[in-house]
Number of protein chains: 2
Amino acid sequence: MAKGKRAEAMAESRAKLIGAARKAFATQGYAAASMDELTASVGLTRGALYHNFEDKKGLLWAVVEQIDGEMAERLRTVREQAPTLWQGLLAEGSAYIEMALDPEIQRIMLLDGPAVLGDPSKWPGENACLEITVRTIRSLIEQGIVKPVDVEAAGRLLNGAALSAALWVAAADDPPDVLTKAIDAFRELASGLLRKAV
Amino acid sequence: MAKGKRAEAMAESRAKLIGAARKAFATQGYAAASMDELTASVGLTRGALYHNFEDKKGLLWAVVEQIDGEMAERLRTVREQAPTLWQGLLAEGSAYIEMALDPEIQRIMLLDGPAVLGDPSKWPGENACLEITVRTIRSLIEQGIVKPVDVEAAGRLLNGAALSAALWVAAADDPPDVLTKAIDAFRELASGLLRKAV
DNA sequence: TGCCTCACATACGGCTCGTATGTCAATAGG
DNA sequence: CCTATTGACATACGAGCCGTATGTGAGGCA
C-alpha cells in the first residue's frame with residue numbers, strides 16, 4: 001500500500017492542479033487563466049505545473065479527460081435506467097442538454113476545449129458520449145426500430161443537435177421554458193430516424 | 001465622389017487589416033496570431049490597428065461580421081434556387097455543411113469565434129444563417145408541411161446538427177464519402193419534422 | 001551514513017497586448 | 001497663399017504571460 005511519500009505527494013499535486021484548473025478555466029476561460037495565479041491558489045508555483053504536465057495545454061487535456069469521464073458515466077446510468085432502448089436514446093439526449101447547462105462544461109468542453117485542443121471527435125476516449133450514442137443506435141437498428149442509417153453519422157448529428165440545444169438553453173433568459181422546447185424539438189428530430197412514426 | 005484622401009485611405013486600411021486577419025486567424029488561430037506580424041504584412045503597424053479597431057477582439061468581430069454576411073448570402077441563393085420550400089431547407093443544410101469544410105470558416109466561425117466572442121446566437125445579424133432557417137421553417141409550418149414545432153428550437157437544432165456534421169466531414173480521412181453519409185443522415189433527421197413521412 | 005534522485009522553487013528571456021506620446025500630411029479658414 | 005487644426009497613423013513604453021534553464025532540499029537506496 002505505502003507507495004512512498006514521493007509518488008503520493010505527486011498524485012496529490014496533480015489532483016490539486018487539475019481541480020484548480022477546472023475552476024480557473026471555467027470562470028476565466030483558458031486564455032485568461034494565469035498559471036501563476038492558478039498554481040499559487042493551491043500553494044504551488046509554475047515549476048510544479050511544468051513538472052507534472054507538458055504545458056498549459058497539457059493541463060487542459062487532463063481537465064478535459066476528467067470531465068469527459070464524468071459525463072460518460074452519467075450518460076451510461078441515464079441510458080440504463082430507461083425502460084426501452086429508444087427511450088434511452090431520448091433520455092441520453094435530454095441528459096446531454098442538461099449537462100451542458102453547467103457553466104464549467106460549457107466553457108471547458110464546448111468552447112475553449114475545441115478551440116485549443118481541436119476537433120473533439122479526436123479526443124481520447126473518442127468523446128465517450130458519442131461512443132455511447134453510437135452503440136445505442138446500432139442496437140436500435142438491429143432491433144428494426146431505427147432505419148438502417150450510418151450509425152456514426154446519426155450519432156454525430158444527434159449529439160450536435162443536443163449540443164446546440166444546450167448552448168441555446170444556457171444563454172436563454174428563461175432557461176426552464178426554453179429547455180422544454182429544446183427537448184421537444186430534439187424528440188421530433190430524433191423521430192426522423194424511426195422506421196415508422198410513433 | 002471624391003470623399004477626400006483621408007477617409008479613403010482609412011477604409012482601405014480597414015479592409016487590408018481585415019483581409020490579413022482572415023488569413024492569420026484562419027491559419028494560426030486567434031490566440032497565436034501576432035498583431036505585429038499581421039499589421040506588418042500589409043505595411044502597417046499596431047498603431048493603425050488600435051486606431052481602426054477597439055482591440056484585437058474588435059478586429060475579430062469585424063472579420064466575423066464579414067464572413068457571416070458572405071455565408072448568409074450564399075444560403076439565401078441556395079434556398080431561392082430550390083424548387084420547393086422543403087427542398088430549400090434541405091439544400092440549406094447541405095450548403096451549410098459544405099461551407100463549414102472551408103478551413104477559414106471552421107477555425108474562425110466555429111472554433112475561435114465562439115470561444116473568444118461568446119455564444120454565436122448573440123452575434124450581430126443574430127447569426128444570419130439561423131435567421132434564414134427559422135423563417136423557412138415558419139413558412140413550412142404555415143403550409144402544413146411541417147409539424148407545429150417551436151420554430152426557433154427546430155432551427156437551432158437543425159443548424160447544430162449540420163454544424164456537427166460539417167466538423168465531422170472536415171476531420172475525416174475520406175471527406176467525399178463521409179460528406180454523403182452526413183447529408184443523408186441530415187435528411188433523415190430533418191424528416192422527423194415532417195407532418196407525414198415522405 | 002552517504003550519495004543520488006526527483007519533485008518542486010527560482011530566475012531569466014522572449015514575446016504578447018494595450019496605451020501614451022510623437023509626427024506629418026490633409027484639410028479648413030482667413 | 002499662408003497658417004492652424006485635425007486626424008491617421010508610427011514609435012516608445014510598461015505590465016503580464018509562458019516556457020525553460022538552473023538551483024535546492026527532502027526522500028529513498030546501498
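Residues numbered from 1 in each chain as written. Chains lettered and ligands numbered in written order. Predicted model: local features only at pLDDT ≥ 70, side-chain atom pairs only at ≥ 80, totals over all residues.

Draft legend 1. Region of the structure containing the overall build of chain A. A tally of regular secondary structure across chain A gives nine helices and zero strands. When the 198 residues of chain A are sorted by exposure, 41% land in the buried category. Partitioning the intrachain contacts of chain A with sequence separation of at least 6 by distance along the chain shows that 66% fall at a separation of at least 24. (Helix = DSSP H or I, 4+ residues; strand = E, 2+ residues; numbered from the N terminus. Buried ≥ 20, exposed ≤ 12 C-beta atoms within 10 Å, placed from the backbone. Contact = placed C-beta atoms within 7 Å.)

Draft legend 2. Examining the nonpolar core more closely. Judged by nonpolar contacts, the single largest core of 115 residues is most densely connected at A:Leu157, A:Ala165, A:Ala182, B:Leu157, B:Ala165 and B:Ala182. Among all residues touching A:Ala182, those that are not within four sequence positions of it are A:Ile97, A:Ala165, A:Trp168, A:Val169 and B:Ala153. (Core = buried A, V, L, I, M, F, W, Y, C linked by C-beta atoms within 7 Å.)

Draft legend 3. Seen up close, helix α7 (residues 128-142) of chain A. All names here are of chain A. Here α7 spans 22 Å end to end across 15 residues, near enough to the 21 Å set by a 1.5 Å rise per residue. Taken residue by residue, α7 has Cys129, Leu130, Ile132, Thr133, Val134, Thr136, Ile137 and Leu140 as its buried positions. Taken from the residues just after α7, Gly144 is the one with a positive phi, measuring 75 degrees. (Expected span 1.5 Å × (residues − 1).)

Draft legend 4. Representation of helix α9 (residues 175-191) of chain B. Look at α9(B): 24 Å from first C-alpha to last across 17 residues, which is about the 24 Å you get at 1.5 Å a residue. Along α9(B), the residues that are buried comprise B:Val178, B:Leu179, B:Lys181, B:Ala182, B:Ala185, B:Phe186, B:Glu188, B:Leu189 and B:Ala190. Tucked into the core, α9(B) has its buried residues touching α8 (151-171) and α9 (175-191) of chain A together with α5 (85-99) and α8 (151-171) of chain B.

Draft legend 5. The relation of the copies chain A and chain B, seen in detail. Note on the copies: chain A fits chain B at an RMSD of 0.0 Å, the axial shift is 0.0 Å, and the rotation between them is 180 degrees. Accordingly, the operation relating the two chain copies is best matched by a two-fold axis. Distance from the rotation axis, computed per C-alpha, reaches its smallest value in chain A at A:Gly192: 1.7 Å. (Least-squares fit on C-alpha atoms with pLDDT ≥ 70 in both.)

Draft legend 6. Here's a closer look at the packing of α8(A) against α9(A). All names here are of chain A. Two elements in contact, α8 and α9, have axes whose closest approach is 9 Å; the angle formed by their N-to-C orientations is 165 degrees. As the angle between them shows, α8 and α9 are arranged roughly antiparallel. The handedness of the crossing between α8 and α9 comes out as right-handed. Of the residues in α9, those touching α8 at Leu158, Ala161, Ala162, Ala165, Trp168 and Val169 are Pro175, Val178, Leu179, Ala182, Phe186, Leu189 and Ala190. Across the contact of α8 with α9, the residue classes tally to 13 nonpolar, no polar and no charged. (Axes fitted to C-alpha atoms, helices over the stretch in contact; angles between N-to-C directions. Parallel < 35°, antiparallel > 145°, perpendicular 65-115°, else oblique. Left-handed = near helix turned anticlockwise from the far one by under 90°. Nonpolar A, V, L, I, M, F, W, Y, C, P; charged D, E, K, R; others polar.)

Draft legend 7. Structural detail: the packing of α7(A) against α8(A). Residue and element names in this part refer to chain A. For the pair α7 and α8, the least separation of the axes is 9 Å and the interaxial angle reads 125 degrees. It follows from the interaxial angle that α7 and α8 lie oblique. You can see that α7 and α8 cross each other, and the crossing is right-handed. The residues of α8 that touch α7, namely those facing Cys129, Leu130, Thr133, Val134, Ile137, Arg138 and Ile141, are Val151, Glu152, Ala154, Gly155, Arg156, Leu158 and Asn159. Here the residues of the contact of α7 with α8 sort into eight nonpolar, three polar and three charged.

Draft legend 8. Fine view of the interface of chain A and chain B. Taken residue by residue, the interface counts 36 residues in chain A and 36 residues in chain B. Among the secondary structure elements, those contributing two or more residues to the side of chain A that touches chain B are α6 (103-117), α8 and α9 of chain A. With 13 residues, the top contributor of residues to the side of chain A that touches chain B is α8(A). Class assignment of the residues belonging to the side of chain A that touches chain B gives a composition of 21 nonpolar, six polar and nine charged.

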